Each structure stands twice: as C-alpha cells, then as structure tokens.
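Notes for the structure review
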Amino acid sequence: MFTRPVLGLIAGLLSGLVPAHAVPVAEWVGTFVWRDDGPDFGGLSSLELSSDGSRFLTLSDRSEAFEGTFTRDGEGAVNGADITFTTPLNDAGGIPLSEKTVDSEGLATLPDGTVSISFEGEHRLTFRSAPDGPEQAAPLPPGSDDWEGNLGLEALAAAPDGTLWALTEGTIDGDHAVLRYRGGAWLAPLGLHREGTWRPVGADFGPDGRLYLLERDFWPLVGFMSRVLRFDAGEDGLSNPQILFQSRAGMFDNLEGLAVWQDRDGAIRLTLISDDNFLPVQKTEIVDLRVTE
C-alpha cells in the first residue's frame, strides 16, 4: 500500500505538477535596511555589482550616483554598506541633471566599462565613461512617442556580447516593449506580454548568460509584491520563462533594482534594492536571494 507522501507525489504528477525540488528556485538569504544621513540618499531604483557582489554602483531617481562596498555575512547576505564616492549625473555639457526634471531608472555596465543609464519622462538611453562623466545619448528609442511619461525604459541589462536589453514598464496592446541596442543602433523591437498587473522594474544578465527580470506589483493598503523571472535571451526575443521567486504582498518594500552575481561555490546570487521614493514611511532595503537549481 502506498504511503501518504507517495500518494501525494503521484497525485501531483498526474495533475501535471512537478515536485518543488525539481525546478529552480531563488531562496531568501537575508534583508538589510540601509540607512544613511546624506542629504541626497534615497530613491535608489537600480543596482550594479562587481562579479563577487562586494562593490556597488547605484542611482537615485534624482540622478545621483553612489559607489561603495557591501559587507556580507557568512551566508552571503549584505549586512553593511559603505559609500565611498557620490556624484551627480551630468548632461553632455557637464551640467548636473539633478537641476532638471529627470528620472534616472535603468543602469547597466557594458563589457568595456561604459556606464549606460536609461531615463523616464524624457525617454532616452545614455552612455558615459564614468558616473561623473558627460553623457552621450543614443537615438530616440523606437515607439517612445507612444510611451506614458513614467512608464518608459525601466529595466536595463547588458548582455555578454554588449547588446543592451531594455524593457518598458508600460504596455501597448498588452505587451511591454523589449528593445535592444547594439553597434550604435536600435534593433527590431520585440515584446513581452503583460501578465496580470506585474510590471518590469529591473533586469540583469547572469554569469550563465540568461536574463533575470525583476517585476513588481502593488496591492493598495497591503504593499508591494515582487517576483524574479529568468529567460533565455536570443535574437527572436525572450523564451523559456521560469519564475524563481515571488514574495507575498508587503513582505518587502518597493524593490526596483536587480544585480546578479556568482559566489565562490558557483551558485547564482540575486541582490535586489528598494526605492523608498524619498518618503519617511518607506525604506531602502537590500534583499539577497540564492538560486538553487
């Protein structure tokens, strides 16, 4: 006679389900609440990390860049942050963008070290040799005339071959725009169908060459929900989606930035950062996840 656990496994298989351990999953490792007395600190909506997860570059919505180092505990979760360099982002003429009405959102570092930043409101993709250097702008993204002001290029990631992948937070006809920029030109636009009320807010390519996408949902009076998906990224678009992690509403703050790295044991690590919108009722959180295959 079958035992109860065996009967449960058989029932799951017959219903088309697979055991939880048979699929990749991102497990929560730790959460760090980042507090800093600097007058410009806050509104962090993007994150880039060194290959070992120790050095960071992050941007605020008010076009301020912060560089520094994270300390991590024995499990690899951030337990301290030290800002070593702060600078405003400058336009092509060297004027700080903080003096304008701009919203810096996506952040990606190209293989040659070039820093790429996407902006909402005044939709554009820019490049600078260093965070404090003058910007150079790409041609306007295709379809940007149809984007709402704060629903433009929200998620930005650099593929190993140097191609930039950018996803819009908003949709047109139910699809988020998936744009690629390579060799000084935009490639043919692709799309990602919107699922429910989830919206792309952060992205990064992992050392495995796959695209990791952070999505956000919001439940009024309850809080934010977050999830991380993983895709194969090719010339035809994004395929083989896998949901690695999904939080309950209110578990974390407004997670908007994602960085992917690899630990000494070869495990994929995900570090997420929240945008507190410069509001005292919100907080800047660093959330660490470990992917188990």
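Cut-offs used in this document
Residues numbered from 1 in each chain as written. Predicted model: local features only at pLDDT ≥ 70, side-chain atom pairs only at ≥ 80, totals over all residues. Heavy atoms only, no water. Salt bridge = Lys/Arg side-chain N within 4 Å of Asp/Glu carboxyl O. Helix = DSSP H or I, 4+ residues; strand = E, 2+ residues; numbered from the N terminus. Buried < 20%, exposed > 50% of the residue type's maximum accessible area, 1.4 Å probe, protein only. Pairing = 2+ DSSP bridges. Axes fitted to C-alpha atoms, helices over the stretch in contact; angles between N-to-C directions. Phe/Tyr/Trp six-rings, centres within 6.5 Å; stacked < 30°, edge-to-face > 60°. Lys NZ or Arg CZ within 6 Å of the ring centre and 35° of its normal. Contact = heavy atoms within 4.5 Å. pLDDT = per-residue confidence, 0-100.

Examining the pattern of salt bridges
In this structure the tally under the stated criterion is 17 salt bridges. A salt bridge links Glu235 to Arg182; the nearest nitrogen and oxygen atoms lie 3.3 Å apart. Placement of Glu235 in the loop between strand 17 (223–234) and strand 18 (237–246) and of Arg182 in strand 12 (residues 175–182) is noted, with a sequence separation of 53 residues between them. Judged by relative accessible area, Arg182 falls into the partly exposed class, the value being 30%. Through salt bridges that share partners, Glu122, Arg124, Arg128 and Glu135 make up one connected network.

Looking at the pairing of strand 10 (residues 153–158)
For strand 10, a buried count of 6 out of 6 residues is recorded, marking the element as mostly surrounded by other parts of the structure. As paired elements, strand 10 and strand 11 (residues 164–172) share 5 bridges and run antiparallel to each other. Along strand 11, the bridge assignment pairs Leu153 with Thr168. The turn joining strand 10 and strand 11, which pair antiparallel and follow one another in sequence, is formed by 5 residues; a positive phi near 95° is taken by Gly162.

A word on the sheet that holds strand 2 (residues 44–49)
Taking strand neighbours across the sheet as the criterion, the 4 strands line up as 2-3-4-5 in an open arrangement whose pairing is antiparallel. One side of each edge strand has no neighbouring strand; the edge strands of this open sheet are strand 2 and strand 5 (78–88). Neighbour-to-neighbour, the strand axes of this sheet turn through a mean angle of 25°, independent of strand direction. Of the pairings in the sheet, the one linking strand 4 (residues 64–72) to strand 5 comprises 9 bridges and is antiparallel in character. Paired with Gly68 across the bridge in strand 5 is Ile83.

Observations regarding the packing of aromatic side chains
Tallied over the entire structure, the rule returns 10 aromatic pairs. Between Trp34 and Phe70, the aromatic rings sit 5.8 Å apart at their centres with planes inclined by 75°, giving edge-to-face as the arrangement. One end of the pair, Trp34, is in strand 1 (residues 25–34); the other, Phe70, is in strand 4, with 36 residues separating them in the sequence. Overall, the relative accessible area of 4% leaves Trp34 in the buried class. Every member of this aromatic cluster is reached through a ring pair, and the members are Trp34, Phe41, Phe56, Phe66 and Phe70. A cation over an aromatic ring shows up here: Arg180 above the ring of Trp165, its NZ or CZ 5.8 Å from the ring centre.

With respect to the environment of Leu140
Mapping Leu140 onto the fold places it in the loop between strand 9 (136–137) and strand 10. Here Leu140 falls in the exposed class, since its relative accessible area comes to 59%. When the C-alpha positions of Leu140 and Glu285 are compared, they lie 33 Å apart, and in sequence the two are 145 residues distant. The residues contacting Leu140, other than those within four sequence positions of it, are His123 and Trp186.

Focus on the sheet that holds strand 18
With antiparallel pairing, the 4 strands of this open sheet are ordered in space as 15-16-17-18. The sheet is open, and its two borders are formed by strand 15 (199–205) and strand 18, each paired with just one other strand. Each strand axis lies, on average, 25° off the axis of its neighbour in the sheet, ignoring direction.

Let's talk about the confidence of the model for the protein chain
In this model, the protein chain carries a mean pLDDT of 91, and residues with pLDDT of at least 70 account for 91%. Confidence over residues 1–21 falls short of pLDDT 50; this stretch has 6 contacts with residues more than four positions distant or in other chains.

With respect to the pairing of strand 12
Extensive coverage of strand 12 is indicated by the burial of 6 of its 8 residues. With 6 bridges connecting them, strand 11 and strand 12 associate as antiparallel partners. Looking at strand 12, one finds that Leu164 is bridged to Tyr181. Hairpin remark: strand 11 followed by strand 12, antiparallel, with 2 residues in the connecting loop; positive phi at Asp173, about 55°. The pairing of strand 12 with strand 13 (residues 185–186) spans 2 bridges and is antiparallel. Paired with Arg182 across the two strands is Ala185, which belongs to strand 13. Taking the residues between adjacent antiparallel strands as the criterion, strand 12 and strand 13 are bridged by 2 residues, where Gly183 takes a positive phi near 65°.

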